Amino acid sequence: MGLDRKDLLGIQDLSSNEIKEILTTAEYMEEILKRPIKKAPTLRGITVANLFFEPSTRTLNSFILAEKRLSADSINFSAASSSVLKGETLLDTAKNIQAMEVDIMVVRHYAPGSPHFLSKRLRASVINAGDGCHEHPTQALIDIMTIKKNFSEIKGLKIAIIGDIKHSRVSRSLILGLNKMGAEITVCAPPTLLPLWLEPFGVEFEYSLEKALPGKDILYILRIQKERQEESFIPSIREYIKNYSITYEKLKRFASKDVVIMHPGPINRGIEVESKIADSEYSLILSQVSSGVAVRMSVLYLLSQRKLDGSKD
Amino acid sequence: MDLKIKNVHLFDPLNGIDEVGTILIDKGKVVKDSKSKVGQEIDAKGLYLFPGFVDVHSHFREPGAEDTETIETGSRAAVKGGYTAVCLMPNTDPPIDNEGVVRFIKEKSEEVGLCRIFSIGTVTKGRKGKELSEMSHLYEAGCVAFSDDGNCVMDSSIMRNALEYSKLFNVPIIDHPEDISLSGKGQMHEGSVSTELGFKGIPGVSESTVVARDVLLSKFTKGRIHLAHVSTADSVKLIKEWKTDKVTSEVTPHHLLLSDEEVRDFDSNKKMKPPLRTRYDIEVLQKAIKKGLIEVVASDHAPHPDYKKELEFTEAAFGVTGLETSFAVLYTELVKKGKITLDILIKVLSSAPAKIFNLPLGEIKEGGTADFTIVDLKSTWQVTSEVFASKAKNSPFIGRKLEGNVKYCIVEGKTVFKNGDFINTEK
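Keep in mind that what you see is a predicted model, and the values were worked out from it rather than measured.

Is there a simple way to explain unusual backbone geometry in this structure?
Among all residues save glycine, negative phi is the norm, and among peptide bonds the norm is trans. For the bond from G265 of chain A to P266 of chain A, the omega torsion is -10°, close enough to zero to count as cis. Note that P266 of chain A resides in the loop between β9 (260-262) and α11 (275-278). Of note, the amide linkage connecting D93 of chain B to P94 of chain B takes the cis form, showing an omega dihedral of 0°. Topologically, P94 of chain B is positioned in the loop between β7 (83-88) and α2 (99-112). Of note, S71 of chain A is a non-glycine position whose phi angle comes to about 65°, a positive value. Position of S71 of chain A relative to the elements: it lies in the loop between α2 (58-69) and β2 (73-78). Taking the C-beta count within 10 Å as the criterion, S71 of chain A has 14 such neighbours and is therefore assigned partly exposed. The backbone phi angle of E412 of chain B is positive, close to 50°, even though this residue is not glycine.

Structure, rendered in structure tokens:
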């Protein structure tokens, strides 16, 4: 077992078999997490550095927990506490950390392609934990796992992704992943929050939420960032709520009755989704979060196999 | 007679010269015959002699950033690439907005003694876009054109005044067409590739809207506009629509050859302004030089040290080097592949830029200035980061195997570059 690759940079370059392997391994990991003692010695001796150049709570904590559950040693490095403020380059920072014999670097950075840039220059494996508006592969893997648990088959599922598609790395990775698994995707947002170019993604688009809702199996709701109003992508949050907020009433009127709701978090209650829906029977949101640790354990495990086997390095 | 070059393939499309023969040079000029003793003789069998190339868009970083490039290293890069004359953009520190800097550059380039160097003065004081610079003083000190370089003149009334005032000297105002409110923090061409990669885009309209303004202001004022590094099909369309003898333009080798697909590897040597556009834009640009609609190929040689390029893409500086690869990459990719003729390539590199910038250069004729480039068209070489004479290595063409190797550069009848060696004519 293992992935025949040094890094996990994006869903773009994963095959559907690799996605399946990561998810199958994640199911084993979930079993570990259900044991009374939620820890395995699998990655003992492996050192992981979490390099976060952007604020994060759930992704960072879920990686930290995944590392602990597998008995890896880990260090956390965040931009606020780093030498970046003193003018050190990203590459120098990463090389310094690598010099401490780190095997895996989990990187979140605001610049698209930073993990790719580092991966070409480092011996250590690089896991992309979100690079600007580009990709967030582990989040997409978590979402695909959540969907797999709730539906017999992903192929043919009708999924609407609603919200700020233009600036969302989650939506890019998710679209790439779900396409590989054969789902049918519609994106729905005001035109300013949709890219002008959608051909590379192979998705349908719909400006009107009322038209996007009918017949969908899953509504994947993206967080609307308040800055988008200051940047004039939308006239006001109030207007966004009027047109795009997922409410009970809209679901009752337009959506199929067994539709489910997903959201990568953190939720703006009352903005992109009506507060009580987030906690309702429609919602898979907490199930997404609980898959998070298992998927990240799986990725860490599969990428370390090269190192642990000693066969490839 | 100072120099005799024999058995050489003389090639000058402007004067219809395409023959093997001998050329005689005395006191820096081409002469028909001379009875005096031959000073130096070059047997250039199998080589082509072209009018020396003229670059109208280079950055040598001196004064201000001598760790990046100097007039000396930039000049070396120029002659290595076959350029016998280079016009320097004024984004130095201090900028070329006063005669002192023009004189400094002139003295420095004479000390270096390789290619000819001309200054481009600023359009506005400090390149700030607010007040016109003292163009008359700058012109008399030797400036051949005016430009605020990477700062587009955003204020249209300043642009209008610049176009009118520069009629005093009949020199072009060079604009870098970029509406910064549209390009913003963009990192690459806005299109399907930037969408996939998650980059903020620099849309084509950020260029073409300013091109439209500039060509219309030129029509209105009858002033001369020269559009720097045109990169989009829409810009070409606008130039075609409003072309007059007052409207000229240039394109770079990288915009003629590379598309935004190149950015997929996140290599910052593919990052520049304007950004690499689409394959369609490339096709249209190639046709535009073929038809003479865009008259000039300029290098936009923009050296940067590794610590400004070996970075994540969004942090890396904009700009790539070009002087050492321009001819060979265009010869290999366009002439050898039948996209344009050698005639066109030599024109866009020599006679056309010389004419637009009022330089008495760019042709082979009796009594004309003896600035020549002698090239072995059959010789191939590989672009690697070790080959550059420039201090910088930020070329988007690293790794390519190219045809066409510059063997000699002759400036005013003196050999300044010979088989890889630089010869300072002042020493």
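Can you walk me through the nonpolar core in this structure?
For soluble globular proteins, the rule of thumb is that nonpolar side chains tend to be buried together. With 121 residues, the main nonpolar core has L49, C115, I120, F146 and L345 of chain B as its most contacted residues. Among the elements that take part in this core, helix α12 (residues 326-335) of chain B stands out by supplying seven residues, more than any other. In this structure, L3, L51, I234 and L302 of chain A belong to the second largest nonpolar core, which totals 95 residues.

What is the right way to read the sheet that holds strand β3 (residues 104-109) of chain A from this model?
Strand-to-strand pairing in sheets goes through backbone hydrogen bonds, with the strands running parallel or antiparallel. Residue and element names in this part refer to chain A. Here we have four strands laid out as an open sheet, ordered β2-β1-β3-β4, and parallel in their pairing. With partners counted over all chains shown, the strands left at the sheet margins are β2 and β4 (125-131), one partner each. Recorded for the sheet is a direction-independent mean angle of 15° between the axes of neighbouring strands.

Can you help me understand the packing of helix α7 (residues 205-221) of chain B against helix α8 (residues 233-242) of chain B in this one?
The angle between the axes and the distance between the axes are what describe a pair of packed helices. Residues and elements named next belong to chain B. Where α7 meets α8, the closest approach of the two axes is 9 Å, and the angle between their N-to-C directions is 15°. Comparing their axes, α8 and α7 come out roughly parallel. Relative to α8, α7 is oriented so that their crossing is right-handed. Contacts from E207, S208, V211, A212, V215, L216 and K219 of α7 reach α8 at D234, S235, L238, I239 and W242. Of the residues belonging to the contact of α7 with α8, the class tally is seven nonpolar, two polar and three charged.

Is there a simple way to explain the interface of chain B and chain A in this structure?
When the parts of a complex come together, some accessible area is lost, and that lost area is often used as the size of the interface. With 14 residues of chain B at the contact, the number on the chain A side is 19 residues. For the side of chain B that touches chain A, a count of residues per class yields five nonpolar, five polar and four charged.

I'm lost on the sheet that holds β9 of chain A in this one. Help?
All names here are of chain A. Pairing within the open sheet is parallel, and its five strands lie in the order β7-β6-β5-β8-β9. Among the strands making up the open sheet, the edge pair consists of β7 (204-206) and β9. Looking at each pair of strands side by side, their axes are set apart by 25° on average, direction ignored. Of the strand pairs in this sheet, strand β8 (residues 218-221) and β9 are connected by three bridges, and their pairing is parallel. Bridging across to β9, Y220 finds its partner in M262.

I'm lost on helix α1 (residues 16-34) of chain A in this one. Help?
Note: α-helices contain 3.6 residues per turn, so residues at a spacing of three or four share the same orientation. For α1 of chain A, built from 19 residues, the straight-helix expectation of 27 Å at 1.5 Å per residue is met to within 8% by its first-to-last C-alpha distance of 27 Å. Of all the residues in α1 of chain A, the buried ones are I19, I22, L23, T25, A26 and M29 of chain A.

Help me out: how do you make sense of the confidence of the model for chain B in this one?
Regions with low pLDDT carry predicted coordinates that are not meant to be interpreted in detail. For chain B, per-residue confidence averages 97 on the pLDDT scale, and residues scoring 70 or more make up 100% of the total. As a predicted assembly, this complex carries a pTM of 0.94 together with an ipTM value of 0.92.

Analysis parameters
- Residues numbered from 1 in each chain as written.
- Chains lettered and ligands numbered in written order.
- Predicted model: local features only at pLDDT ≥ 70, side-chain atom pairs only at ≥ 80, totals over all residues.
- Helix = DSSP H or I, 4+ residues; strand = E, 2+ residues; numbered from the N terminus.
- Buried ≥ 20, exposed ≤ 12 C-beta atoms within 10 Å, placed from the backbone.
- Core = buried A, V, L, I, M, F, W, Y, C linked by C-beta atoms within 7 Å.
- Pairing = 2+ DSSP bridges.
- Axes fitted to C-alpha atoms, helices over the stretch in contact; angles between N-to-C directions.
- Parallel < 35°, antiparallel > 145°, perpendicular 65-115°, else oblique.
- Left-handed = near helix turned anticlockwise from the far one by under 90°.
- Contact = placed C-beta atoms within 7 Å.
- Nonpolar A, V, L, I, M, F, W, Y, C, P; charged D, E, K, R; others polar.
- Expected span 1.5 Å × (residues − 1).
- pLDDT = per-residue confidence, 0-100.

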